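Understanding the architecture of this molecule
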Amino acid sequence: MATIILNHPLIDHKLTIMRDKDTGTKEFRQNLDEIAMLMAYEVTKGLPLKNVEIVTPICPMTGKELVRPIVLVPILRAGLGLVDGFKAIIPNAKVGHIGMARNEKTLLPEEYYAKFPSCLDQADVIVVDPMLATGGSASAALTNIKKRGAKYIKLACLVAAPEGIAAIEKAHPDIDLIVAALDEKLNEKGYIVPGLGDAGDRLFGTDE
Ligand code: PRP
Ligand code: URA
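Summarised in this report is the structure supplied together with it. The numbers attached to residues start from 1 for each chain and follow its sequence in the written order. Chain A is the first chain written and ligand 1 is the first ligand written, with later ones labelled in order. For a predicted model such as this one, the threshold for reporting local features is a pLDDT of at least 70, and the threshold for listing and counting side-chain atom pairs is 80 or more; totals across whole chains, interfaces and linings nevertheless cover every residue. Note that the side-chain values use all heavy atoms of the structure and ignore hydrogens as well as water.

Quick notes on the pairing of strand β2 (residues 49-55)
Heads up, the condition is: Note: two strands are recorded as paired if DSSP finds a minimum of 2 bridges between them. Counting from the N terminus, the helices are DSSP H or I runs at least four residues long and the strands are E runs at least two residues long.
Note that β2 and strand β3 (residues 60-66) share 7 bridges and pair antiparallel. Looking at the pairing, Val 52 lines up with Gly 63 of β3. Here β2 hands over to β3 after 4 residues, the two strands then running antiparallel side by side.

Structure (structure tokens):
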């Protein structure tokens, strides 16, 4: 497994807008969408390719195509905010959904929805969630996706706490983890500091 922290100037600029407490729903969504496109480029680096024979208008050549289909798996709800941006770059990606809700008292994740395309076991699976806090939601989602047959998995998160990264590295040493920004710590409520608050609430305009 590799853990990659992107630290990309354009992402950091847009993420700062998202972090600002005065940024409203429209701008929050728009910046997440734009960041998702930049992340899609980075996350798909290194996907396996195979040779394919084609003919250009000039001559035959050996080109490249992806070995496997791509399946995006947003962790509901907040992961939905990354889907459109990824789909803009990978328009033929299939999308599976997994609903994980963090119990705010125990901080433990509970699965409440799951639906995946049948090619999950042959696909490059990119699990997306903006926030990796304790890592509980993502870790449980990865476990459940593996149980359904997924083998080639990457996890892409916007903001991570060191605790979340450590949890994924421990529970899922076989997957690649790509994080746009590494923050300082978790607070006593399990929120990322400095973070951006509750990603789902800010994305959907809910407030609890
Ligand atoms: C948020 C976020 C992650 C999770 C991270 O979801 O989108 O899925 O918390 O926290 P963890 O790493 O400690 O598990 P939340 O449970 O708030 O649900 P929502 O997306 O529906 O708002
Ligand atoms: N979930 C969020 O949406 N934000 C955090 O800071 C932690 C978990």
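Now that the structure has been shown, the text picks up again.
Thoughts on the side chain of Asp 124
Put simply, the test is: Only protein chains enter the accessibility calculation, which uses a 1.4 Å probe. A residue is then buried if its area is under 20% of the maximum for its type, exposed if over 50%, and partly exposed in between. Two residues form a contact once any of their heavy atoms are found within 4.5 Å.
Looking at the element boundaries, Asp 124 is found in strand β8 (residues 124-132). With a relative accessible area of 7%, Asp 124 lands in the buried category. Look past the residues within four positions of Asp 124 in its chain and what remains in contact with it is Leu 47, Pro 48, Arg 68, Pro 69, Ile 70, Val 71 and Tyr 152.

Concerning the site of ligand 2
Let me state the cut-off plainly: Proximity is defined per residue: any heavy atom of the residue falling within 4 Å of a molecule or strand makes that residue near it. Polar contact is the term for a pair of N or O atoms within 3.5 Å; when the atoms are in protein, one must be able to donate a hydrogen and the other to accept it, and sequence-neighboring residues count only if both atoms are side-chain atoms. To be clear on the numbers: accessible area is Shrake-Rupley with a 1.4 Å probe, and residue cover counts the displayed protein chains and nothing else. Lining residues are defined by having an atom within 4 Å of a point belonging to a cavity or pocket. Those points lie on a 1 Å grid over the protein atoms alone, cavities being sets where a 1.4 Å probe fits but cannot get out and pockets being open sets with protein on both sides within 12 Å along at least five of seven lines. Grid points define the cavity or pocket, and a molecule sits in it when more than half of its atoms lie within 2 Å of them. Residue polarity follows a fixed list, in which Ala, Val, Leu, Ile, Met, Phe, Trp, Tyr, Cys and Pro are nonpolar, Asp, Glu, Lys and Arg are charged, and the others, Gly among them, are polar.
The local shell around ligand 2 consists of Arg 102, Met 131, Ala 133, Gly 190, Tyr 191, Ile 192, Gly 197, Asp 198 and Ala 199. At a separation of 2.8 Å, an oxygen atom of ligand 2 approaches a polar backbone atom of Ile 192. Here Ala 199 contributes a backbone N or O atom positioned 2.8 Å from an oxygen atom of ligand 2. In the complex, 88% of the free accessible area of ligand 2, which totals 230 Å², lies under the protein chains. Structurally, ligand 2 is housed in the largest pocket. The class makeup of the residues in the shell around ligand 2 is 5 nonpolar, 2 polar and 2 charged.

Remarks on helix α2 (residues 25-43)
Rule in force here: To estimate how far a helix should extend, the number of its residues minus one is multiplied by 1.5 Å.
Taking 1.5 Å as the rise per residue, α2 with 19 residues should run 27 Å; its terminal C-alpha atoms sit 26 Å apart, in good agreement. For α2, the full list of buried residues reads Phe 28, Asn 31, Leu 32, Ile 35, Ala 36, Met 39, Ala 40, Glu 42 and Val 43. Buried residues along α2 sit in contact with α1 (9-19), α3 (80-89), β8, β9 (152-160), β10 (176-182) and α6 (199-204).

Remarks on the packing of aromatic side chains
Quick reminder of the rule: In this analysis, rings of Phe, Tyr and Trp, with Trp reduced to its six-membered ring, are considered paired at centre separations within 6.5 Å, and the interplanar angle assigns stacked below 30 degrees, edge-to-face beyond 60, and tilted for intermediate values. Each ring is checked for a lysine NZ or an arginine CZ that lies within 6 Å of its centre and within 35 degrees of its normal; such an atom marks a charge sitting over the ring.
Inspection of every chain in the model, using the stated rule, returns 0 aromatic pairs. Looking at Arg 68, its charged tip hangs above the ring of Tyr 152, at a distance of 3.5 Å from the centre.

What about the site of ligand 1?
Looking at ligand 1, there are 15 residues lining it, with Arg 102, Asp 129, Thr 134, Gly 135 and Ser 137 nearest. Between Arg 77 and ligand 1, the recorded distance is 2.9 Å, taken from a side-chain N or O atom to an oxygen atom. Ala 78 is positioned with one of its backbone polar atoms (N or O) 3.0 Å from an oxygen atom of ligand 1. In the complex, 92% of the free accessible area of ligand 1, which totals 500 Å², lies under the protein chains. Of all the secondary structure elements, the ones that give two or more residues to the shell around ligand 1 are β6 (97-102), β8 and α4 (136-147).

A closer look at the environment of Ile 165
With respect to the helices, strands and loops of the structure, Ile 165 is situated in helix α5 (residues 162-171). For Ile 165, a relative accessible area of 9% puts it in the buried group. For the pair Ile 165 and Leu 182, spaced 17 residues apart in sequence, the C-alpha separation works out to 9.0 Å. Apart from residues lying up to four places away in sequence, Ile 165 is in contact with Thr 3, Ile 5, Leu 132, Ala 160, Leu 177, Val 179 and Leu 182.

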